[in-house]
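# Architecture and fold: a report
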Amino acid sequence: MTTPYIELTNVVRSYDGRTRAVDGINLSVAKGEFITFLGPSGSGKTTTLMMLAGFEEPDSGGIMLAGNDITHVRSWKRNIGVVFQNYALFPHMTVRKNVAFPLEMRKVDAATIGSKTTEALALVGLTDFAERYPTQLSGGQQQRVALARGLVFEPDVLLLDEPLGALDKNLREHMQVELKRIHREVGITMIYVTHDQSEAMTMSDRVVVFRGGKIEQVGKPIELYDRPKTRFVAEFIGDSNILDLSSVNQHEGWVEHQSIGRIKVQHFNPSPSTEPRYLLVRPEELVTLPDGVEPPDNSFTIEIGTIIHYGNESVMIGSIPGTDVSLRVRVSARAGRDLPDRGLIRVGWSATNGYVV
Amino acid sequence: MIAWESKAAKPYLLMAPVVAVIAVCFLLPILNVLFLSFTEPTVSLHNYARIFSVPLYLRVLANTFKNAALVTVICLVLAYPLAYTLVRRGPVIAGILLAAVAIPFWTGFLVRTFSWLVIFGAEGPVAGVMRWAGFEPPRMLFTTFAALWGMTHILLPYMVMALYGVMKRINMQQIKAAESLGATPVIAFWRVFVPQSLPGVINGCVLVFTMCLGFYVTPVLLGTPTDMMIAQLIGQQVQELLAWGFAAALSVMLMICTFAILAIYDRFFGLQRLWG
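Residues numbered from 1 in each chain as written. Chains lettered and ligands numbered in written order. Predicted model: local features only at pLDDT ≥ 70, side-chain atom pairs only at ≥ 80, totals over all residues. Heavy atoms only, no water.

The next subject is the nonpolar core. Residues and elements named next belong to chain A. Formed by 97 residues in total, the largest nonpolar core has its most connected members in Phe 101 and Leu 147. Discounting residues that sit within four places of it in the chain, Leu 147 has contacts with Val 83, Val 124, Leu 158, Leu 160, Met 175, Leu 179 and Ile 182. If you look at the next biggest cluster of nonpolar residues, it comprises 30 residues, including Leu 27, Ala 53, Phe 55 and Phe 84. (Core = buried A, V, L, I, M, F, W, Y, C linked by side-chain atoms within 4.5 Å. Buried < 20%, exposed > 50% of the residue type's maximum accessible area, 1.4 Å probe, protein only. Contact = heavy atoms within 4.5 Å.)

Looking at chain direction, strand 9 (residues 206-211) of chain A and strand 10 (residues 214-219) of chain A are connected through five bridges and run antiparallel. When the sheet's bridge partners are listed, Arg 211 of chain A is paired in strand 10 of chain A with Lys 214 of chain A. (Pairing = 2+ DSSP bridges. Helix = DSSP H or I, 4+ residues; strand = E, 2+ residues; numbered from the N terminus.)

On to the domain arrangement of chain B. Residues and elements named next belong to chain B. Under the domain assignment, chain B is made up of domain 1 (1-39) and domain 2 (55-273). On a C-alpha basis, the centres of domain 1 and domain 2 stand 33 Å from each other. In this complex, domain 1 contributes five residues to the contact, which on the side of domain 2 involves six residues. Both faces considered, domain 1 and domain 2 share a buried interface measuring about 440 Å² in area, 90% of it formed by carbon and sulfur atoms. The interface formed by domain 1 and domain 2 includes zero salt bridges. Run the count over domain 1 and domain 2 and you get zero residue pairs in polar contact (both at pLDDT 80 or more). Of the residues assigned to the side of domain 1 that touches domain 2, the class counts are four nonpolar, one polar and no charged. (Domains from an automatic or database assignment. Buried area = accessible area lost by both parts, 1.4 Å probe. Salt bridge = Lys/Arg side-chain N within 4 Å of Asp/Glu carboxyl O. Polar contact = N/O pair within 3.5 Å; in protein donor to acceptor, adjacent residues only side chain to side chain. Nonpolar A, V, L, I, M, F, W, Y, C, P; charged D, E, K, R; others polar.)

A few words now on helix 2 (residues 95-105) of chain A. Across the eleven residues that make up helix 2 of chain A, a large majority, eight, are buried. Of the residues making up helix 2 of chain A, those classed as buried are Val 95, Asn 98, Val 99, Ala 100, Phe 101, Pro 102, Leu 103 and Met 105 of chain A. In this fold, the buried residues of helix 2 of chain A make contact with helix 3 (110-123) and helix 4 (139-151) of chain A together with helix 8 (173-180) and helix 9 (185-213) of chain B. Phi turns positive, to about 55°, at Lys 107 of chain A, one or two residues after helix 2 of chain A.

A separate point is the sheet that holds strand 1 (residues 6-14) of chain A. Residues and elements named next belong to chain A. Read across the sheet, four strands follow the order 2-1-4-5 without closing on themselves; strand pairing throughout is antiparallel. Here the strands that pair on one side only, and so sit at the sheet edges, are strand 2 (20-29) and strand 5 (68-69). Summarising the sheet, strand 4 (residues 60-65) and strand 5 pair through two bridges and their orientation is antiparallel. The residue bridging Met 64 from the neighbouring strand is Asp 69, located in strand 5. Its contacts with the sheet place helix 1 (residues 45-53) against strand 1, strand 2 and strand 4, and it is angled at close to 115° to strand 1. (Axes fitted to C-alpha atoms, helices over the stretch in contact; angles between N-to-C directions.)

A few words on the packing of aromatic side chains. Residues and elements named next belong to chain B. Taken as a whole and assessed by the stated rule, the structure comprises 23 aromatic pairs over all chains. Between Tyr 84 and Phe 189, the ring centres sit 5.0 Å apart and the planes meet at 80°, which makes this aromatic pair edge-to-face. One end of the pair, Tyr 84, is in helix 3 (residues 55-88); the other, Phe 189, is in helix 9, with 105 residues separating them in the sequence. The class of Tyr 84 is partly exposed, set by a relative accessible area of 23%. A relative accessible area of 18% means that Phe 189 is categorised as buried. (Phe/Tyr/Trp six-rings, centres within 6.5 Å; stacked < 30°, edge-to-face > 60°.)

Each partner contributes to the interface: chain B provides 18 residues, whereas chain A provides 21 residues. Taken together, both faces of the contact between chain B and chain A bury some 1800 Å²; the carbon and sulfur share is 64%. Summed over the shared surface of chain B and chain A, the number is six residue pairs in polar contact (both at pLDDT 80 or more). Where the side of chain B that touches chain A is concerned, the elements lending two or more residues are helix 8 and helix 9 of chain B. Examining the composition of the side of chain B that touches chain A, we find that seven residues originate from one element, helix 8 of chain B, more than from any other. Among the residues forming the side of chain B that touches chain A, the class breakdown is eight nonpolar, seven polar and three charged.

Residue and element names in this part refer to chain A. According to the domain assignment, chain A contains domain 1 (6-227) and domain 2 (239-356). The interface of domain 1 with domain 2 comprises four residues on the first partner and five residues on the second. The largest contributions to the domain 1 side of the interface with domain 2 come from Tyr 225, Asp 226 and Arg 227, which together make up 96% of the buried area. The interface formed by domain 1 and domain 2 includes zero salt bridges. At the boundary of domain 1 with domain 2, the tally comes to two residue pairs in polar contact (both at pLDDT 80 or more).

Let us now look at the pattern of salt bridges. All names here are of chain A. Taken as a whole and judged by the stated rule, the model has 23 salt bridges over all chains. A salt bridge links Asp 23 to Arg 20, with the nearest nitrogen and oxygen atoms 2.9 Å apart. According to the relative accessible area criterion, Arg 20 is partly exposed, its value standing at 48%. A salt bridge links Arg 172 to Glu 199; the nearest nitrogen and oxygen atoms lie 3.8 Å apart. Taken together, the positions of Arg 172 in helix 5 (residues 169-186) and Glu 199 in helix 6 (residues 197-203) put the pair 27 residues apart, joining distant regions of the chain. Since its relative accessible area comes to 3%, Glu 199 is described here as buried. Counted as one network, the salt bridges with shared partners bring together Asp 239, Glu 284, Glu 313, Arg 328 and Arg 330.

Residue and element names in this part refer to chain A. Within the secondary structure layout, Gln 143 lies in helix 4. Judged by relative accessible area, Gln 143 falls into the buried class, the value being 1%. When neighbours within four sequence positions are excluded, Gln 143 is seen to be in contact with Val 83, Phe 84, Gln 85, Tyr 87, Pro 163, Leu 164 and Met 175.

Paired through their backbone hydrogen bonds, the strands of a sheet run either parallel or antiparallel. Residue and element names in this part refer to chain A. Spatially, three strands are ordered 12-13-14 in an open sheet, and the strand pairing comes out antiparallel. Every interior strand has two partners, whereas the edge strands, strand 12 (247-249) and strand 14 (261-264), have only one. Averaged over all pairs of adjacent strands, the angle between their axes in this sheet comes to 20°, without regard to strand direction. For strand 13 (residues 254-257) and strand 14, the ladder comprises four bridges, and the chain directions are antiparallel. Bridge pairing in strand 14 links Val 255 to Ile 263.

This next bit is on helix 3 of chain A. Residue and element names in this part refer to chain A. Spanning 14 residues, helix 3 covers 20 Å between terminal C-alpha atoms, matching the ideal 20 Å at 1.5 Å per step. Turning to helix 3, its buried residues are Ile 113, Thr 117, Ala 120, Leu 121 and Leu 123. Summarising the axial view, the buried residues of helix 3 lie within an arc of 150°, below the 170-degree limit, and thus occupy one face. With respect to the buried face of helix 3, the exposed residues turned more than 90 degrees away are Ala 111 and Glu 119. Buried-residue contacts for helix 3 involve helix 2, helix 4 and helix 5. (Expected span 1.5 Å × (residues − 1). Arc of directions from axis to C-beta.)

Our focus in this paragraph is the side chain of Ser 204 of chain A. All names here are of chain A. As for its placement among the helices and strands, Ser 204 is situated in the loop between helix 6 and strand 9. For Ser 204, the side chain forms a polar contact with the main-chain oxygen of Ala 200, separated by 2.5 Å. Apart from the residues lying within four places of it in its own chain, the contact partners of Ser 204 are Phe 34, Thr 36 and Pro 221.

Structure below.
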């Protein structure tokens, strides 16, 4: 990363003076990055975003934007666009008037307002809807108006607070693609808040995982998926098998689980933050082992419990008999249909596919 | 076919009691007043001609509109910040303020009018405080001021409710959005909040203005005969002069004025919106 464009230093925010909604956040964002704040509700991600927007003030700590200290700058004096989950469009103004609003506030001349507004509406594909009122538009179209309004004045950064939360699944995926396209075309720094991990995975350059007012981990989506630093991140992002470990021997490349014994592993978290430690194996790394197939490094017999058919793939959930260990195995849709409903089956994974958190 | 007919008839059957009550208690007296205005003492348009030929009566009519307009404006100026506070503050403060508005609303307006008689009286608390402060209290009771004051007090809750009903549906996140887009709080208020509160302003003004036009007890008890409003004039004609025909014609005039305002409102906004 080059010189930070946005920098949060030890930012703390408490609403009641006792519990901290945001508890010492440090974060650097590069210009043009698409950053996602991911976390469950109450994890501090939205509060952090509101402090960036200037709707909330930190109790302590500082926020820098493009070399300026904006910690205590009021929101209307920052040059930051915000897109709200409920759109917050002005219902008494046409789409064009909504988009022109930030330019009017900046006393831009009428001709420029006209051309920039037209340009912004074209960017979000709403050229033909300029004279409509927001209530005459669908949810997805309203969201596009909010985007155009947040981008038209060329803000330093665009903040998006769960902008797709109110849309149905298909529309949400469509808008994700649209947002990425707009991000590429405009090249603006975007900070995106969501509790939907798949949204975070598909859109972001980097993801910031929030938990209890603190940052749990920052990284590229694939890093978080493959090399989570904590059990929380491992569980929050993607589907996972997590085994509690009773001992870890990194030198010899094995770990031990109380009831199923030794498991071979190649990859270990270099700086584990917690004890006890956990083994993470993603369900797609497990394979079923028909008779006569050479078993990989680790293999177990499990009793089939449930098979969930998603259409494009299936997930088998089974337990190792005599233990409380349950494993999830992701198989192709075809293989899922061929699996028996019950009975025993051998499954396994190779040492390179496990990760000790 | 028969089954369908009986089904369709049922809702009207359910409406029958209320229609009967309205017909007997409301429509019949109005028709009677209308009839009287053309027939008493003789069948003629004389009663109406008199309203428009005697300057005093036109002045009363103009005065009625002037006072109603004043009360409406005062109510709006007082109620708008109050309603705004109601929607901006937390539920506790909003609840207390709303109760403060509603409790007098539930108290009979006669009681409230009489209480002003006491408060503004020559030996009342206002006069007492003024004397204590070294001023000779001016005459407060039986003045236009007292009449306007009393009517404002009684009609204010209607204005607050009309404004509050509309304001609480305005999404306050829009104000934040406006601020993030570069609007100062004052500009955000004028450009985003006020325009969306206008339906409430219009509702409240129509409600207060039309109610004020026909106000009787409060201006009679607190006001002065020199600043008479039309309802007062009607009462005087009936009680003191037994001029039933002329009183009826004045009543019809008042009714036409009220209907005209409501018709204009209905034309532009739709009457059903008056009740939120």
